[in-house]
Amino acid sequence: MKLRIGSRAVALLSAALFSTASLAADIEHQTDYSISLAGLPLARASFHTALEKNRYTISGTLHSAGLVDIFSRTSGQTRVSGVIGRDHLRANEYSMSYRSGKKGRAINVTYANGNVVHASMTPKRTPLPKNWVPVTSRDMRNVLDPLSGLIIPGKARVCPNTLPIFDGESRLDIKLSAKGTRPFKTKGFDGEAIVCGIRFVPRAGYKKGREDVEYLKRLQTMEIWFAKSDAVDVYAPVYVRIPTKLGPVTVSATRFGG
């Protein structure tokens, strides 16, 4: 299996998983993450969130690290703003741009009441392959963005849960199942984390039969751990483990608030 399994599909999961950040206007909260493959560093990510009443803004950066940085330097930026609802954070605007070596891409999505009203990607993916599963208008209804979609309000159910994600190109479901609790400690947090199993279910906007997508579809051993940020009153990911044939991809919070 190509290392690319750690690129787009894993990056999509990872990006959504690491966004409890700094709440500027009313509250401040900073979260940093390390991403590794089989114990070897792949990247570092930092997120900063601003909260004012029931509105939020999250901005984040990601930079490659270790050997990956030597062979193909990668960096990315993302931003999302929206409203905190009873069960989910509902985005109004989401953007993401990244560059890996000489290649880059920028995505912008506008949402209204959970529905996509505009989505653009530069450069576009052309021509589309014959095995491409197209995104329909139905696929873009009642969806969450990939950054704040995994931030769960404190009074809502964490898992079991199904999160419908649209990232500007692909539509997928992230299905969470309850697996108990585990102790977790990092800078700014020392307590119990809620452990959920993850199932990755692609819906549209992907190559049917692609090796990395099919691998993630079959996986039943992925885990995500959520910790409670009392300052923000939300649950957010602090640890993720995604097995691959090259070893586990792990994302772990090195700072959670504080």
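Keep in mind that this is a model prediction, so the values were computed, not measured.

Things to note about helix α3 (residues 211–218)
Of all the residues in α3, the buried ones are D212, V213, Y215 and L216. Here the buried residues of α3 occupy an arc of 160° about the axis, which is enough to place them on one side.

A closer look at the confidence of the model for the chain
Across the chain, the average pLDDT comes to 87, with 88% of residues at 70 or higher. The weakest mean pLDDT in the chain belongs to helix α1 (residues 8–17) at 46; the strongest belongs to strand β11 (residues 171–186) at 97. Under a pLDDT of 50 for its full length, residues 1–25 has, in the predicted model, 95 contacts with residues more than four places off or in other chains.

Details of the layout of surface pockets
By volume, the second largest pocket is sized at about 360 Å³. As for the second largest pocket, its lining consists of 14 residues, and the residues nearest its centre are M121, W132, V135, G168 and E169. For the lining of the second largest pocket, the element with the highest residue contribution is strand β7 (residues 115–122), accounting for 3 residues. For the lining of the second largest pocket, the class distribution of residues is 8 nonpolar, 3 polar and 3 charged.

Observations concerning the pattern of salt bridges
Under the defined criterion, the tally for this structure stands at 8 salt bridges. Residues participating in the shared-partner salt-bridge network are K155, K228 and D233.

A word on the state of the cysteines
Put plainly, a disulfide is one covalent bond tying together the sulfur atoms of two cysteines. For the structure shown, the criterion picks out 1 disulfide. Between C159 and C196 runs a disulfide, and the two sulfur atoms are separated by 2.2 Å. Taking the sign of the S-S torsion, about -85° here, the bridge from C159 to C196 comes out left-handed. With C159 in the loop between β9 (152–153) and β10 (161–166) and C196 in strand β12 (residues 189–204), this pair connects stretches of sequence that are 37 residues apart.

Section: the packing of aromatic side chains
Summed over the entire model, instances satisfying the criterion amount to 4 aromatic pairs. On the numbers, 5.7 Å between centres and 75° between planes, the contact of F189 with F256 is edge-to-face. Of this pair, F189 sits in strand β12 while F256 sits in strand β16 (residues 249–256), and the two are 67 residues apart along the sequence. Here the two residues F189 and F256 agree in accessibility, since each one is buried. Relative to Y239, the ring of W225 lies with its centre 4.8 Å away and its plane at 55°, an arrangement referred to as tilted. Of the two residues, W225 sits in strand β14 (residues 222–229) while Y239 sits in strand β15 (residues 234–242), which places them 14 residues apart along the sequence. Like W225, the residue Y239 is buried in the burial classification. Ring pairing ties together the aromatic residues F184, W225 and Y239, which thus form one cluster.

Points about the pairing of strand β2 (residues 40–52)
With 11 bridges joining them, strand β1 (residues 27–37) and β2 adopt antiparallel strand pairing. Residue pairing across strands places T31 opposite F47, the latter belonging to β2. From the end of β1 to the start of β2, which pair antiparallel, there are 2 residues, and A38 there has a positive phi angle of about 55°. Two strands pair when backbone bridges link them, and β2 and strand β3 (residues 55–64) are joined in this way by 10 bridges, in the antiparallel orientation. Along β3, the bridge assignment pairs H48 with S59. Where β2 folds back onto β3 in an antiparallel hairpin, the turn is made up of 2 residues, including K53, whose phi is positive at roughly 60°.

About the cut-offs
Residues numbered from 1 in each chain as written. Predicted model: local features only at pLDDT ≥ 70, side-chain atom pairs only at ≥ 80, totals over all residues. Heavy atoms only, no water. Buried < 20%, exposed > 50% of the residue type's maximum accessible area, 1.4 Å probe, protein only. Helix = DSSP H or I, 4+ residues; strand = E, 2+ residues; numbered from the N terminus. Arc of directions from axis to C-beta. pLDDT = per-residue confidence, 0-100. Contact = heavy atoms within 4.5 Å. 1 Å grid on protein atoms, 1.4 Å probe; cavity = no way out; pocket = protein on both sides within 12 Å on 5 of 7 lines; lining within 4 Å. Points joined across faces, edges and corners; volume = space filled by probe spheres on them. Nonpolar A, V, L, I, M, F, W, Y, C, P; charged D, E, K, R; others polar. Salt bridge = Lys/Arg side-chain N within 4 Å of Asp/Glu carboxyl O. Disulfide = S-S within 2.5 Å. Phe/Tyr/Trp six-rings, centres within 6.5 Å; stacked < 30°, edge-to-face > 60°. Pairing = 2+ DSSP bridges.

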